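Given next are the chains, with one letter for each unit.
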Amino acid sequence: MMLARARPKILTVLHQETSSPGRVGHMLLERGFDLDIRRPPLGDPLPDTLDGHAGAVVFGGPMSANDPDEFVRRETEWMGVPLRENKPLLGICLGAQMLAKHIGGKVEGHGRGLVEIGWYPLKATDHGRHLLHWPEMVYQFHREGFTLPADTTLLATSETYPNQAFRYGGNAWGIQFHGELTQAMMHRWVVHGAHRFVLPGAQPGRDHLGGRLIWDMHLKRWLGEFLETIFGHAPVR
């Protein structure tokens, strides 16, 4: 009797006990991958090599890439593992900020204290447009952004935080915005993050949910194409 081989795994790094990989997880499973979920703030280790993985996704979280916590420092340094091994790496929000910091960028708030919490316009650069079609509006939930070293390629920009998506080398990618939220996740974020809606530049909760009805279908389509660009499909065995 032939035994089925294990599906290739994507290392999935989350930052809270109740965090979910959301649509990114769903789409990777549909593409033939399994998820190896690790939560460094809860003590989960990160592997010394990605030889046993097809790539990695590092998600967002309420902490800052500048926080002094040991896991933040360790996780930021760990970004060197997929970079050295040239494995596909996607950083989302906090994950993108950690990646940018690892390669020499700075993570900092807006000079006038503005945040992006809600739906905001996105504009692809020439490099981004040549890669794929980007949505005109994206969902944001952050108080800090990042600068980029000269050897990165900016893929998308916006007015308040100009560095929204970038590529580094052949296989490392970072995005400031969120395409992974399911409807249930957005409802949770709107409830648990309501205290942030008073920050300058933030949108009220009703605009988060109303905007989803208009723009989420385009963001979801883009996410599928973006993950296909980064990870492709798992090989059929």
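These notes cover the structure that comes with them.

The rules behind the values
Residues numbered from 1 in each chain as written. Predicted model: local features only at pLDDT ≥ 70, side-chain atom pairs only at ≥ 80, totals over all residues. Heavy atoms only, no water. Helix = DSSP H or I, 4+ residues; strand = E, 2+ residues; numbered from the N terminus. Buried < 20%, exposed > 50% of the residue type's maximum accessible area, 1.4 Å probe, protein only. Core = buried A, V, L, I, M, F, W, Y, C linked by side-chain atoms within 4.5 Å. Contact = heavy atoms within 4.5 Å. Axes fitted to C-alpha atoms, helices over the stretch in contact; angles between N-to-C directions. Parallel < 35°, antiparallel > 145°, perpendicular 65-115°, else oblique. Left-handed = near helix turned anticlockwise from the far one by under 90°. Salt bridge = Lys/Arg side-chain N within 4 Å of Asp/Glu carboxyl O. Nonpolar A, V, L, I, M, F, W, Y, C, P; charged D, E, K, R; others polar.

## Observations regarding unusual backbone geometry
Look at N86: it is not a glycine, yet its phi comes out positive at around 55 degrees. Inspection of the secondary structure assignment puts N86 in the loop between α3 (80-85) and β4 (89-92). By relative accessible area, N86 is classed as partly exposed at 47%. The residue C93 is not glycine, and still its phi comes out positive at about 55 degrees.

## Structural notes on the nonpolar core
Among the nonpolar cores identified, the biggest contains 42 residues, and V57, L90, W134, F177, W222, F226 and F231 are the most heavily contacted of them. Looking at this core, the elements that each hand over two or more residues are α1 (22-30), β4, β6 (116-121), β8 (137-142), β10 (152-157), β12 (172-175), α6 (183-192) and α7 (205-231). Looking at this core element by element, the count peaks at seven residues for α7. When residues no more than four places from it in sequence are discounted, the contact partners of F231 are I10, L28, F33, G55, A56, V57, P88 and L90. Counting 24 residues, the second largest nonpolar core, distinct from the first, contains V58, M79, I103 and A172.

## A short note on the packing of α1 against α7
Each pair of packed helices can be summarised by the angle the axes make with each other and by the distance between the axes. As a packed pair, α1 and α7 sit with axes 10 Å apart at the nearest point and diverge in direction by 45 degrees. Looking at the two axes, α1 sits oblique to α7. In this structure, α1 meets α7 at a crossing whose hand is right-handed. Residues R23, V24, M27 and L28 of α1 touch α7, and the partners they reach there are R212, D216, K220, L223, G224, L227 and F231.

## A look at the pattern of salt bridges
Overall, the coordinates contain ten salt bridges when judged by the stated rule. The network of salt bridges with common partners includes E70, R73, R74 and E77.

## Comments concerning the packing of helix α2 (residues 70-78) against helix α4 (residues 94-102)
In contact at an axis separation of 8 Å, α2 and α4 are set at 70 degrees when each is read in the N-to-C sense. Classified by the interaxial angle, the pair formed by α2 and α4 is roughly perpendicular. Between α2 and α4 lies a crossing whose hand is right-handed. Here α2 contributes V72, E75, T76 and E77 to the contact with α4, which in turn contributes M98, K101 and H102. When the residues that make up the contact of α2 with α4 are grouped by side-chain class, the tally is two nonpolar, two polar and three charged.

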